Amino acid sequence: LAYVEWFTPFREPDESSGLRQISRSTRHLRRNSAVIHVDEIIRPCHLIPKMGQLVNPTWTSANVYELASEFYLNPFIDLETFCMSTTST
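Residues numbered from 1 in each chain as written. Predicted model: local features only at pLDDT ≥ 70, side-chain atom pairs only at ≥ 80, totals over all residues. Heavy atoms only, no water.

Quick word on the overall build of the chain
Then, number 1: Secondary structure assignment for the chain yields two helices and seven strands.
Then, number 2: Traced from its N-terminal end to its C-terminal end, the chain shows the element sequence β-β-β-β-β-β-α-β-α.
Then, number 3: For the chain, with 89 residues in total, the buried portion stands at 22%.
Then, number 4: If you take every contact in the chain between residues at least 6 apart in sequence, the share linking residues at least 24 apart comes to 59%.
Then, number 5: Approximately 7,200 Å² of the chain is accessible, and the part contributed by carbon and sulfur atoms is 58%. (Helix = DSSP H or I, 4+ residues; strand = E, 2+ residues; numbered from the N terminus. Buried < 20%, exposed > 50% of the residue type's maximum accessible area, 1.4 Å probe, protein only. Contact = heavy atoms within 4.5 Å. Areas by Shrake-Rupley, 256 points an atom, 1.4 Å probe, with all protein chains shown as cover.)

Some remarks on a nonpolar patch on the surface
Then, number 1: Among the surface-exposed residues, Leu1, Tyr3 and Val35 lie close enough to one another that they form a single nonpolar patch of about 400 Å² accessible area.
Then, number 2: Among the secondary structure elements, Tyr3 is positioned in strand β1 (residues 2-5).
Then, number 3: Accessibility expressed as a relative area gives 54% for Tyr3, which makes it exposed. (Patch = residues over 30% accessible without salt bridge, like charges linked within 9 Å, V, L, I, M, F, W, Y side chains within 5 Å. Salt bridge = Lys/Arg side-chain N within 4 Å of Asp/Glu carboxyl O.)

Looking at the pairing of β1
Then, number 1: The alternating pattern of β1 places Ala2 and Val4 on a buried face and Tyr3 and Glu5 on a face that is not buried.
Then, number 2: In terms of strand pairing, β1 meets strand β5 (residues 33-36) through four bridges, oriented antiparallel. The residue bridging Ala2 from the neighbouring strand is Ile36, located in β5. (Pairing = 2+ DSSP bridges.)

Some thoughts on the nonpolar core
One recurring pattern in soluble globular proteins: nonpolar side chains tend to sit buried together.
Then, number 1: Judged by nonpolar contacts, Ile22, Leu47, Trp59, Val64, Ala68, Phe71 and Leu73 together constitute the single largest core of seven residues.
Then, number 2: Excluding anything up to four places from it in sequence, Trp59 contacts Pro49, Lys50, Met51, Val64, Leu67 and Ala68. (Core = buried A, V, L, I, M, F, W, Y, C linked by side-chain atoms within 4.5 Å.)

Comments concerning the side chain of Asn32
Then, number 1: Within the secondary structure layout, Asn32 lies in the loop between β4 (30-31) and β5.
Then, number 2: Contacts of Asn32, omitting those with residues within four sequence positions, involve Val4, Glu5, Trp6, Ser25, Thr26 and Arg27.

As for the pattern of salt bridges
Then, number 1: Evaluated as defined, the whole model comprises five salt bridges.
Then, number 2: Residue Arg31 pairs with Glu5 through a salt bridge whose shortest N-O separation is 3.4 Å. Placement of the pair is Arg31 in strand β4 and Glu5 in strand β1, with a sequence separation of 26 residues.
Then, number 3: Look at Arg31 and you get partly exposed, because its relative accessible area is 31%.
Then, number 4: Salt-bridge contacts for Arg11 lead to Glu70; the nearest nitrogen and oxygen are separated by 3.8 Å. On the criterion of sequence distance, the pair formed by Arg11 in the loop between β1 and β2 (21-23) and Glu70 in strand β7 (residues 70-73) is long-range, its members being 59 residues apart.

Below, the structure is given as structure tokens:
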């Protein structure tokens, strides 16, 4: 089983970066999440927190994914291929 937090559908690409934007999906003002079977996971993805003009000084590498609410999808990192290429044979 896997705990999954859901995100909104992709919005139009960001004007300056061209990256697709998403934000956390909420239900009754709480994060929309579910426990699903791992067989339902299609592939992992890499999200980049949306910083804006100023970076929140409370964000750290340990908490930014919990504190940020908007993200960019990074299409330049394919975690599935990376994991397969780093596995010993």
